Structure formats: structure tokens, C-alpha cells
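# Report on the structure
Next come the chains, spelled out residue by residue.
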Amino acid sequence: MKRLALRTGVRWKISIAIAAVGALIAVALSLVVHNAARVSMIENAREVQLERLLGAQRFYEATSMQKGGPKFGAKLNDPTIPPSLRDEVRKNRRATHVTQTPDGVPEVWAAVPLAGGDVLSLHSRFADRSATIMDDLDRALIIGSVSVVFGGCALGVLIGGQLSRRLRKAAAAAGRVAQGQTDVRVREAVGGVVRDETDELARAVDALTDALNERIEAERRVTADIAHELRTPVTGLLTAAELLPPGRPTELVRDRAQAMRTLVEDVLEVARLDSASERAELQMLPLGEFVSRRIGLLDPDVTVRVVHESWVSTDPRRLERILGNLLGNAAKHGSTPVEVTVEGRVVRVRDHGPGFPEELLRDGPSRFRTGSMDRAGHGHGLGLTIAAGQARVLGARLTFRNAAPSGAAEGTGGAIAVLWLPEHAPTDTGSFPVLRMADQRQASD
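What counts and how
- Residues numbered from 1 in each chain as written.
- Predicted model: local features only at pLDDT ≥ 70, side-chain atom pairs only at ≥ 80, totals over all residues.
- Heavy atoms only, no water.
- UniProt positions renumbered as here; feature names shortened; annotations may be inferred.
- Core = buried A, V, L, I, M, F, W, Y, C linked by side-chain atoms within 4.5 Å.
- Buried < 20%, exposed > 50% of the residue type's maximum accessible area, 1.4 Å probe, protein only.
- Helix = DSSP H or I, 4+ residues; strand = E, 2+ residues; numbered from the N terminus.
- Contact = heavy atoms within 4.5 Å.
- Pairing = 2+ DSSP bridges.
- Axes fitted to C-alpha atoms, helices over the stretch in contact; angles between N-to-C directions.
- 1 Å grid on protein atoms, 1.4 Å probe; cavity = no way out; pocket = protein on both sides within 12 Å on 5 of 7 lines; lining within 4 Å.
- Points joined across faces, edges and corners; volume = space filled by probe spheres on them.
- Nonpolar A, V, L, I, M, F, W, Y, C, P; charged D, E, K, R; others polar.

Under the annotation held in an unreviewed UniProt entry, the protein chain carries the name histidine kinase and is attributed to Streptomyces anulatus. A UniProt comment under Catalytic activity (unreviewed entry) is attached to the protein chain, and it reads "ATP + protein L-histidine = ADP + protein N-phospho-L-histidine." According to the UniProt record, the Subcellular location (unreviewed entry) comment for the protein chain reads "Cell membrane".

In C-alpha cells:
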């Protein structure tokens, strides 16, 4: 059975915990205070009752020769005396007793022995004033307990809210780091004067980010160095292959040498894109006309459809590189016909092959990972990686999806790569300009 998971924020967990602890403490203290006050009042009532009985005893003994019985509510040999009180008096002791009644108001008894074995007793209900005091005390305890619980909730919301905000800021900063913004520091995003475990977590994430950045940079340098060192011998190998006599072996050597040279150049380009040092050389151009002209040169068999023309500020060389890699990927791993659609600032490239592998749709293009055998059984997995990198330089977004749902018959769907060019192109420094309202209206027109 699947376990039910409840998602609760830290703020409410802390609030509930503080409120629960406050409620337990308030209830415990209320019970202690209530019982202590009740015991104190009952003991005081015992003493008062005994004093009244002793006064009645002295009056009775002083007037024993006169007619009449005990005064002041005292009774002689009362048959309703509780048995435990009667036993104490038989031992020639003065005693008091409290009897609980069905209505909850106790009765206080007092009894003293007299000469001749008689018992003088006095009993009365608990004083109304004392009962009122107990009611007022209980009411005050209830109000105080409720106030403590609500105050604890408010304090928990305040403390938990502050901690929750710091954790959310840390999570948001860590998410930006995961998206590639390696200059983001979680500790700076958390901020605040208080130093707690959140700061330790932020420092640990920043240290991890720095370590990963150093490792990635080291791997990039190693890759770039290896590719750079391979460029010279590969160029020499290609030159030497040109000197071989004509024949099938010579063609195979030239083909493999050319493939190796292309691979080395692609690896160097990936290394340059990873270094974030590439800058776009912007030009204003009509996107639909440019795409139609370039694709006509790259592959005349590709169908180009311009739905809506739009002028864009972009780097034509990098845009052509992206289009070439997308068409090359469609030619290698897809099926004809290949269709290109231009709609405003959006360019769609679709083939009718088996579609992109699930790994690429989930994680995006990755170097030297060609995916499943049905779509990428050959190649080095650098074409889409370079296209995505060039799109980042242009400030554009490159997305991938399949036209048919997973599990559909082969050839019924196809792969779709969508290039979203930005409304405002990046500057030479790689940032985006801040336009005035007039400029924005002019750009939108």
C-alpha cells in the first residue's frame, strides 16, 4: 500500500509543536493551581467549621442546665453523621469531614465528643463565596490557558515563518545554481543577522558549488587541451591522406581522418561554449527569409514554411550553426520529410522518425551520449549539445519534444526541436539591455 505523504511547512510544524507544548503546560499548571486552591479552601472551611462547633459547644455546656438544645445549627447525636467521623469521635477526638454531594458542592462536617458519650456535630454546605471564588479561578485558568496556546501559535508562526523564509531563499538559490548560475551564493541569498543551522547549510552548499565548479572547469580545460593537442596531428594526418594514391583504402583513410578532424573541432567548440566566453555579433535580419535561404543551401529537400515574418537581432553565423546541427540530427536519426516552420521569433524543425529518446527529453542534450539505438546509434552526441550552447549565447531557448506520445507506432510521430529567439537580444557583454518604455513600444511595433 502506498504510504500517504502529508506536505506541511516548517512554519506550521513549529507552530503546532509550540502550541501543543504550551497547551500541555497550561493544562498541567491549571490542574495544579485548581487542586491547590480547592484543598486550601476546604482546609480553611474545616478550621472555620471546627471553630464554630467549639463555640457552640462552649455555649451548650454553659447553658446545659437551661431548657433547650444546642444552638448555632449544632446537633446532638445526629444520626446522619458520616461513619468515619463517628469513629474518630468515639476515640475521644475532635474531627472534621468533607462529604461530596451529587450536585458537586461538598458538605463540611465537624464533631466533638461530650461527657456521657454524646456527640455534638455541625455541618453545612461549602460556602457560596468560596464556590464563586473557585468558579472565577477556573474561568481565569481557562482564559489563561487559551491565551497561552494562541500566544504559542503566534510565536511559532513568527519563528517558523522566519526559518521558512530563509530555507525557501536557500532552496531558490540552490535551484538557480542547479540551472547553471554558478555565480549565485546561497549564503548571500539567505542573508539575515541570525547565525543558525540555515547558515551552515548555505555555506555547505556554496562550498559544494565551488568544488563542483572547480572540477567542471578542470575537466573543461583538460578536454580543450586534449582537443587542441589533437588538432595538429589530425591536420597532418589529413594532409598525408591527401598524398596517398587514389583507391578505396585512401578514401577510407581520408573519410576517417576527416571525421576525426570534425570531432576535434566540435569538442573545441563545446569547450568554448562551456567557458561562457563566447559573445554574439548581432545583426538585424528577417528571420523567415534568412531561414529559408540558409536551409535552401544546407538541404534543398527540406520544406520551409514561414507563417509570420519577424525581424530579429541575432548572430547569423550562430543561428546558421544551430539550424545546421538540427537538420543534421534529423537527417541522421529521423526520417523524411523534414519540415521547418518559422512563426514570428519561433523556429520549429520536425522530422518523421522515431522521436527523441526519453533521456534527452528528461535531461536535455549531453555530450557523448547518443541515446537509444533506434534514434542515435551512431554519432558522438555533440550536435544537439552545440546547438543548445549556441542558443544560450544568443539568449535563446532550445526545447525538444516528440510529436507522438510514447508507445505509438514508429513513423507516426517524429521529433520536434523548437528554437525560441528572445525579444531583446543579449549585448556584447552577454547581458540584456534595459529598454525605456518608448524603446519597448518601438521594438514591439
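Grouped together as the largest cluster of nonpolar side chains are 39 residues, with contacts concentrated most on Val291, Leu326 and Leu419. Within the residue set of this core, elements represented by two or more residues are helix 6 (248-274), helix 7 (287-298), helix 8 (316-333), strand 8 (339-343), strand 9 (346-350), helix 11 (383-393), strand 10 (397-402) and strand 11 (415-420). Other than its neighbours up to four places away in sequence, Val291 contacts Val304, Leu323, Val340, Val342 and Val347. Leu53, Ala74, Val112 and Leu122 belong to the second-largest nonpolar core, a separate cluster that totals 10 residues.

It is worth spelling out the environment of Ile18 at this point. Its location among the elements puts Ile18 in helix 1 (residues 10-62). Sequence separation between Ile18 and Gly156 is 138 residues; the distance between their C-alpha atoms is 6.0 Å.

Read from one edge of the open sheet, four strands run 1-4-3-2, paired in antiparallel fashion. Each end of this open sheet is capped by a strand with a single partner; those strands are strand 1 (75-76) and strand 2 (95-99). Relative to strand 3 (residues 107-113), strand 2 is paired through five bridges, and the arrangement is antiparallel. By the bridge assignment for strand 3, Val98 is matched with Val108. Lying on the sheet, helix 1 is in contact with strand 1, strand 2, strand 3 and strand 4 (119-125); it crosses strand 3 at an angle near 40°. In the packing of helix 2 (residues 83-90) onto the sheet, the strands contacted are strand 2, strand 3 and strand 4, and the crossing angle to strand 3 comes to about 25°.

Turning next to empty space enclosed by the protein. In the structure shown here, the tally under the stated rule is three cavities of 30 Å³ or more. Each pocket or cavity is described by its volume, and for the largest cavity that value is around 60 Å³. Along the wall of the largest cavity there are 11 residues; nearest its centre are Leu326, Asn329, Val349, Phe356 and Ala417. Of all elements in the fold, only helix 8 and strand 11 reach the threshold of two or more residues within the lining of the largest cavity. The class makeup of the residues in the lining of the largest cavity is eight nonpolar, one polar and two charged.

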